[in-house]
Amino acid sequence: MAELNERERTVLRYVVHDFIETAVPVGSRYISKRHEDELGLSAASIRNVLSDLEYLGYINHPHISAGRVPTDLGYRFYLDCLMEKEVPSEQEQQRIRENLRTAEEEEELFKQTSKILSRISQQLCVVTSPYLRRGIFDKLELVQINSTRLMVIISLKLGLVRTLMMEVASEIPREELEQITRFLNERLSGLTLDQIRETFADRVKDADEQSRGLIRLFIDSVDKLFAPGKAERLHIAGTDVIVEQPEFENPKNFRSIIELINNEEIIIHVLEKSTQPDGVTVTIGQENKDEKLKDYSVITGTYTVGTVQGTIGLIGPTRMHYARAIPLVDYVAKTISEMFSHSYKA
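Source: prediction; values computed, not measured.

Peer 1: Run through the packing of helix α1 (residues 6-22) against helix α5 (residues 72-82), naming residues and quoting values.
Peer 2: For the pair α1 and α5, interaxial distance at closest approach is 10 Å and the crossing angle is 110 degrees. With respect to α5, the axis of α1 lies roughly perpendicular. Judged by the twist between their axes, the crossing of α1 over α5 is left-handed. Between α1, through Arg9, Leu12, Arg13, Val16, His17, Phe19 and Ile20, and α5, the contact on the second element is made entirely by Gly74, Tyr75, Phe77, Tyr78, Cys81 and Leu82. A breakdown of the residues in the contact of α1 with α5 according to their chemical character gives 9 nonpolar, 2 polar and 2 charged.

Next up, the structure:
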């Protein structure tokens, strides 16, 4: 990005602010009148600055009108260099906490999160359940139910447990079960479920002769045993508010957002790829690799449940109120993490 002088930075800030607020291309006369006290520049001087900003790629003409709108590059410069974040008010923070506390179950909590965040931000909100396949293996237990059924109990760090049944050819002596349990716990300790599925056969290839029958059964069933249990679920809210945005008065844009909402696979993929372990990530327009998101911005934050994480995301037009939306996502993600942290300590 080209460096901007103080006058250019100030004018660009007003173009972004005013376009986010009005959804109308911003002209030099509008800026001059609305921000006369702060700028002290004539419409002609502002017009020259707008021409320079357009030449540098920070704004452009949507059509023949004299008004300009920010480009993806202009929004990026605004985010990185000009934006002042608007922290949620005490009233909003209390409203968020009270809404989340009404949830009695984990899935209800994520559903409530998507609803309250979409209402406050006026954007489409997406919340994923924790990505259990990234959970860290803690231990495995084997329990013989009857002569042909074996219960496998897989525990992840900090209390997450999976229980599955396996069919075996015959009853396995208790000593052999204990030996295989110790062997598997030693080989799998500290790995994620993804890592176990990818490397299991290599990690157990030197099992002793006595254990190989059951180990072979584990190898054949590894995708079932060490899968997340259920696919990451999406909780989407805000369809009603986002379609009220001026951008979706165009039937083509309206169809585009509806198709996106109905394609959960794309949304999960986008959230996974754009999310970082800590903090909030923003991808704007053409920064999104998926073609269906080239006209949108995606804001994502990460919450933590034990050793696994999930994602909170806002999806909306590039004309998004970033200064308000980014702190909102950050606050909600941290609030959920704290709630789970307290429940584990309890």
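Peer 1: For the sheet that holds strand β10 (residues 308-317), give the residues involved together with the corresponding values.
Peer 2: Here we have 5 strands laid out as an open sheet, ordered β7-β3-β10-β9-β8, and antiparallel in their pairing. Because the sheet does not close on itself, it has two edges, and the strands there are β7 (234-237) and β8 (280-284). Direction aside, the axes of adjacent strands within the sheet are offset by 15 degrees on average. In the sheet, strand β3 (residues 124-128) pairs with β7 via 4 bridges, with the strands oriented antiparallel. Bridge pairing links valine 126 to isoleucine 236 in β7.

Peer 1: Which residues make up a nonpolar patch on the surface, and what values go with them?
Peer 2: Together, Val143, Ile145 and Met165 make up a nonpolar patch on the protein surface, roughly 210 Å² of accessible area in all. Residue placement: valine 143 occurs in strand β4 (residues 137-146). The exposure class of valine 143 is partly exposed, given its relative accessible area of 33%.

Peer 1: Could you give me a rundown of the packing of aromatic side chains, with the residues and numbers involved?
Peer 2: This model, assessed by the stated rule, comprises 6 aromatic pairs. On the numbers, 5.3 Å between centres and 35 degrees between planes, the contact of phenylalanine 110 with tyrosine 303 is tilted. Residue phenylalanine 110 is found in helix α7 (residues 106-121), and its partner tyrosine 303 is found in strand β9 (residues 296-305); the two are separated by 193 residues along the sequence. For the pair shown, phenylalanine 110 and tyrosine 303 are each scored as buried. With 5.9 Å between their ring centres and 35 degrees between their planes, phenylalanine 200 and phenylalanine 226 make a pair best called tilted. Residue phenylalanine 200 is located in helix α9 (residues 193-203), and its partner phenylalanine 226 is located in the loop between α11 (222-225) and β7; the two are separated by 26 residues in the primary sequence. With respect to burial, phenylalanine 200 and phenylalanine 226 carry one shared label: buried. The rings of Phe200, Phe218 and Phe226 are connected pair by pair, giving a single aromatic cluster.

Parameters and conventions
Residues numbered from 1 in each chain as written. Predicted model: local features only at pLDDT ≥ 70, side-chain atom pairs only at ≥ 80, totals over all residues. Heavy atoms only, no water. Axes fitted to C-alpha atoms, helices over the stretch in contact; angles between N-to-C directions. Helix = DSSP H or I, 4+ residues; strand = E, 2+ residues; numbered from the N terminus. Parallel < 35°, antiparallel > 145°, perpendicular 65-115°, else oblique. Left-handed = near helix turned anticlockwise from the far one by under 90°. Contact = heavy atoms within 4.5 Å. Nonpolar A, V, L, I, M, F, W, Y, C, P; charged D, E, K, R; others polar. Pairing = 2+ DSSP bridges. Patch = residues over 30% accessible without salt bridge, like charges linked within 9 Å, V, L, I, M, F, W, Y side chains within 5 Å. Areas by Shrake-Rupley, 256 points an atom, 1.4 Å probe, with all protein chains shown as cover. Salt bridge = Lys/Arg side-chain N within 4 Å of Asp/Glu carboxyl O. Buried < 20%, exposed > 50% of the residue type's maximum accessible area, 1.4 Å probe, protein only. Phe/Tyr/Trp six-rings, centres within 6.5 Å; stacked < 30°, edge-to-face > 60°.

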